[in-house]
Amino acid sequence: KLGRVNTKVVSQVVFNRDTEKVAGELADLARNEAALMGGDTIIAVSEINDGRRSFDVYQCVPAK
């Protein structure tokens, strides 16, 4: 385990956004942050709340 990242996107504009779309955007942001940390795997460790979600970051494949 390398650490944890917290991500946030807008979950409401005038109406609630599609939950799957919000989840996908949060995961994309977490993958980008994980790559900066040298990680290759993310695991969601919280539910989506107000457009926020936390992910643990791991390096599962040895660095070359």
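Structural data are supplied above this passage.
Residues numbered from 1 in each chain as written. Predicted model: local features only at pLDDT ≥ 70, side-chain atom pairs only at ≥ 80, totals over all residues. Heavy atoms only, no water.

Quick look at the sheet that holds strand β3 (residues 52–58)
- Across the sheet, which stays open at both edges, the three strands sit in the order β1-β3-β2 with antiparallel pairing between neighbours. Two strands in the sheet have a free side with no partner beyond their single neighbour: β1 (3–8) and β2 (41–44). Pairwise comparison of adjacent strand axes, ignoring direction, gives a mean angle of 35° for this sheet. (Pairing = 2+ DSSP bridges. Helix = DSSP H or I, 4+ residues; strand = E, 2+ residues; numbered from the N terminus. Axes fitted to C-alpha atoms, helices over the stretch in contact; angles between N-to-C directions.)

With respect to the pairing of β3
- In terms of burial, β3 is a largely internal element, five of the seven residues being buried.
- As judged from the six bridges shared by β1 and β3, these two strands associate in the antiparallel manner. What sits directly across from Thr 7, in β3, is Arg 53.
- Alignment of β2 against β3, held across four bridges, turns out to be antiparallel. Paired with Thr 41 across the two strands is Tyr 58, which belongs to β3. (Buried < 20%, exposed > 50% of the residue type's maximum accessible area, 1.4 Å probe, protein only.)

Don't take any of this as a statement about function, it's just geometry.
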